[in-house]
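So you can see what is in the structure, the chains are spelled out below.
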Amino acid sequence: MNKNPIIPFILIMVMGIGLVFFLSVEGLGNSKEMAGEHGEGEPTTDVAFDPEALGQNSCIGCHGGNYEGGMGPALVGIGDKYSADEIKAILKDGKGAMPGGLVPVENLDAMTEWLMSLE
């Protein structure tokens, strides 16, 4: 008896593709219901802006792990070099190799205050 050993693999593949297709269609049909169960779909505006977290995510790559300089200038003591308005302008518009717009406009004041507090 010579049975073709590839037949079981083809059957498993067809069943898997069919299952994925069915679950995709079923999930699309229930997406609004599932979002309602988890409380999603309602905008949350109570999340506070954390300038230090943004600094850890966006700034340390160029300004160093302790903000003492790297590829970009040091941020420690930046309040001695620039005024608050100048720092806001740099954050908003960029300067040199630093791109502007990394900080949302509504959070410029908080980020500027945090940058000026770095020592």
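Residues numbered from 1 in each chain as written. Predicted model: local features only at pLDDT ≥ 70, side-chain atom pairs only at ≥ 80, totals over all residues. Heavy atoms only, no water.

- Labelled according to an unreviewed UniProt entry, the protein appears under the name Cytochrome c, originating from Bacillus spongiae.

1. Overview of a nonpolar patch on the surface
Then, in step 1: Among the surface-exposed residues, Ile6, Ile7, Phe9, Ile10, Leu11, Met13, Val14 and Ile17 lie close enough to one another that they form a single nonpolar patch of about 800 Å² accessible area.
Then, in step 2: Along the chain, the position of Ile6 falls in the segment before helix H1 (7-29).
Then, in step 3: Judged by its relative accessible area of 44%, Ile6 falls in the partly exposed class. (Patch = residues over 30% accessible without salt bridge, like charges linked within 9 Å, V, L, I, M, F, W, Y side chains within 5 Å. Areas by Shrake-Rupley, 256 points an atom, 1.4 Å probe, with all protein chains shown as cover. Salt bridge = Lys/Arg side-chain N within 4 Å of Asp/Glu carboxyl O. Helix = DSSP H or I, 4+ residues; strand = E, 2+ residues; numbered from the N terminus. Buried < 20%, exposed > 50% of the residue type's maximum accessible area, 1.4 Å probe, protein only.)

2. Section: the packing of helix H3 (residues 51-63) against helix H6 (residues 108-117)
Then, in step 1: Where H3 meets H6, the closest approach of the two axes is 9 Å, and the angle between their N-to-C directions is 80°. Regarding the angle of H3 to H6, the classification is roughly perpendicular. Taken together, the residues of H6 that come into contact with H3 (itself represented by Pro51, Glu52, Leu54, Gly55 and Cys59) are Ala110, Met111 and Trp114.
Then, in step 2: Across the contact of H3 with H6, the residue classes tally to six nonpolar, one polar and one charged. (Axes fitted to C-alpha atoms, helices over the stretch in contact; angles between N-to-C directions. Parallel < 35°, antiparallel > 145°, perpendicular 65-115°, else oblique. Contact = heavy atoms within 4.5 Å. Nonpolar A, V, L, I, M, F, W, Y, C, P; charged D, E, K, R; others polar.)

3. Brief notes about the side chain of His63
Then, in step 1: Here His63 lies in helix H3.
Then, in step 2: The residues touching His63, leaving out its near neighbours within four places in the chain, are Glu68, Gly69, Gly70, Gly72, Pro73 and Leu75.

4. A word on helix H5 (residues 84-93)
Then, in step 1: Residues of H5 that are buried: Ile87, Ile90 and Leu91. Looking down the long axis of H5, one finds its buried residues gathered within 95° of arc, a one-sided arrangement. For H5, the exposed residues set more than 90 degrees away from the buried face come down to Asp85 and Asp93.
Then, in step 2: Looking at the buried positions of H5, the neighbouring elements they touch are helix H4 (78-81), strand S1 (94-95), strand S2 (98-99) and H6.
Then, in step 3: Positive backbone phi, at 85°, marks Gly94, one or two positions downstream of H5. (Arc of directions from axis to C-beta.)

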